[in-house]
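Chain and residue survey
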Amino acid sequence: MYLKELTDLPGVSGDEGQVRAFIADKMQNLCDELVTDSIGNLICLKKGTDENPKRLMVCAHMDEVGLICSRITDDGFIKFKCVGGIDTRVLVSKKVRIGRRLISGVIGAKAIHLQEKEEREQVPKVTDLYIDIGAKDKAEAEKHVSVGDYCVFDSEFVEFGSGFIKAKALDDRLGCACLMSLAEERFAFDLYLVFTVQEEVGLRGARVAAERIRPDAAIVLEGTTCSDVYGTDEKDYSTISGGGAALSILDRGTYYDKELTNALYATAKQHEIPVQFKQTASGGNDAGAIHTAAGGVKTAAISVPARYIHSPSSVVNKSDYEALKALIHTFLKEGFCK
């Protein structure tokens, strides 16, 4: 539901407004309260039916990795900085859209036949790259682009192969889409559906939201690394595409609550929902901020394996996305308050 529309929207960390507006428009008639807090999180409350309900926070981040314009050169090229973790090897020759007017540009680099041997053997640095918008000089470029403009990858949502999806921002618009579907149901507990900001630059929105809500528990819906590709030893796989929703045990930012994680796993097994454990401890997500906020919050994470994550062309298996939705819906109906 809404996955294509969400991934098409621009929403680099710190500039999530268009994503937030789209979600708020769809959620306003489904939730009891909608609040946009001071940092930009969208917090949607579905009140519980119990007299003194527990509070569960389920969250997904609206922001995506991207670029920000930092300088316009005299000859009209745009220098930039990365927003979030991006491997510079995926940037050269990629199309981008810049600013509110979505000006078209292409990321360029020094031509390979002009590079020294040492340059050809090194990963390009961001300082060596630029965006070409077809301007003849600085004055013309400044008519279209300003320093501080955000840049998003120009990448279409495509379904291909045996049930795969390619798009930008699947991390974490797939979590947002799943979160939106939860608003169609009501539970015994207060359900806070939280669409966070600035996850890719330090989990900033999640901490603010958790301090505000002070939930009894939290579940993060995410996209995560998937390395089941050519050239990678099986022992180094993080997750397997098509292997189901991925539960995390620990990563660089979080030691996930065992009781909550085990309950999610038991729910998946009981209802024959495909599930796997993330095999590596790299990376992190909003749980890193939530589980230490508000005096400490029991936190778990359910993720969809995403190949080529943090690139213009992330790839996920639709069956894993469906497993994520099935697991969170079933757990909220049958598992959380037991």
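Each remark here, short or long, concerns the structure printed above.
Everything in this summary refers to the structure shown in the same document. (Residues numbered from 1 in each chain as written. Predicted model: local features only at pLDDT ≥ 70, side-chain atom pairs only at ≥ 80, totals over all residues. Heavy atoms only, no water.)

1. Notes on helix α7 (residues 258-270)
Selection criterion: Put simply, DSSP marks the helices as runs of H or I at least four residues long and the strands as runs of E at least two long, and each gets a number from the N terminus on. Under the convention used throughout, the expected extent of a helix is 1.5 Å for every residue step, that is, one less than its residue count. The classification of residues rests on relative accessible area computed with a 1.4 Å probe and restricted to protein chains. Under 20% of the type maximum is buried, over 50% is exposed, and intermediate values are partly exposed. The arc in question is formed by the directions pointing from the helix axis toward the C-beta atoms. In what follows, residue pairs with any heavy atoms lying within 4.5 Å of each other are defined as contacts. Throughout this description, a polar contact denotes any pair of N or O atoms lying within 3.5 Å of each other; where both atoms belong to protein, one of them has to be capable of donating a hydrogen while the other can accept it, and for residues adjacent in sequence the pair is counted only when both atoms sit in side chains.
In this model α7 runs 18 Å from its N-terminal to its C-terminal C-alpha over 13 residues, within 8% of the 18 Å that 1.5 Å per residue would give. Buried residues of α7: L260, T261, L264, T267 and A268, and no others. Relative to the axis of α7, the buried residues are bounded by an arc of 120° and lie together on one face. Residues of α7 that are exposed and point more than 90 degrees away from the buried face comprise K258, E259 and Q270. For α7, the elements touching its buried residues are β13 (217-225), β14 (245-247), β15 (275-277), β16 (298-306) and α9 (318-334). A side-chain oxygen of the first residue of α7 lies 3.4 Å from the backbone nitrogen of E259; this N-cap is D257. Once α7 ends, the next one or two residues include E272, with phi positive near 55°.

2. Regarding the pattern of salt bridges
Note the following rule: For this document, the term salt bridge refers to a Lys or Arg side-chain nitrogen within 4 Å of an Asp or Glu carboxyl oxygen.
Per the counting criterion, the structure on display carries 15 salt bridges. A salt bridge links R100 to D15; the nearest nitrogen and oxygen atoms lie 2.9 Å apart. On the criterion of sequence distance, the pair formed by R100 in the loop between β6 (95-98) and β7 (103-108) and D15 in the loop between α1 (3-8) and α2 (17-27) is long-range, its members being 85 residues apart. The exposure class of R100 is exposed, given its relative accessible area of 61%. Assessed through its relative accessible area of 14%, D15 is described here as buried. Notably, a salt bridge pairs K47 with E33, separated by 3.9 Å at the nearest N-O pair. In this pair, K47 is assigned in the loop between β2 (42-46) and β3 (55-61) and E33 in strand β1 (residues 33-36), connecting sequence segments 14 residues apart. Each of E64, K168 and R173 takes part in salt bridges that share partners, so that together they form one network.

3. Section: the environment of H291
Checked against the element boundaries, H291 lands in the loop between α8 (287-290) and β16. Look past the residues within four positions of H291 in its chain and what remains in contact with it is G253, T254, Y255, G296, V297 and T299. Within polar-contact distance, the side chain of H291 engages the backbone oxygen of A287 at 2.8 Å. Among the polar contacts listed, one links the side chain of H291 to the backbone oxygen of G288, at a separation of 3.4 Å.

4. Looking at the packing of aromatic side chains
This is how it is decided: Any two rings among Phe, Tyr and Trp, with Trp reduced to its six-membered ring, count as a pair given centres within 6.5 Å; such a pair is stacked if its planes are under 30 degrees apart, edge-to-face if over 60, and tilted if neither.
For the structure shown, the criterion picks out 5 aromatic pairs. Ring centres of Y2 and F22 lie 5.7 Å apart, and the angle between their planes is 85°; on these two criteria the pair is classed as edge-to-face. Of this pair, Y2 sits in the segment before α1 while F22 sits in helix α2, and the two are 20 residues apart along the sequence.

5. Examining unusual backbone geometry
With omega at 15°, the peptide bond leading from D171 into D172 counts as cis. Here D172 shows up in helix α5 (residues 170-182). Its identity as a non-glycine residue notwithstanding, A169 has a phi of 60°, on the positive side. Judged by its relative accessible area of 8%, A169 is buried. Positioned with a positive phi, Y308 is a non-glycine residue whose angle comes to about 60°.

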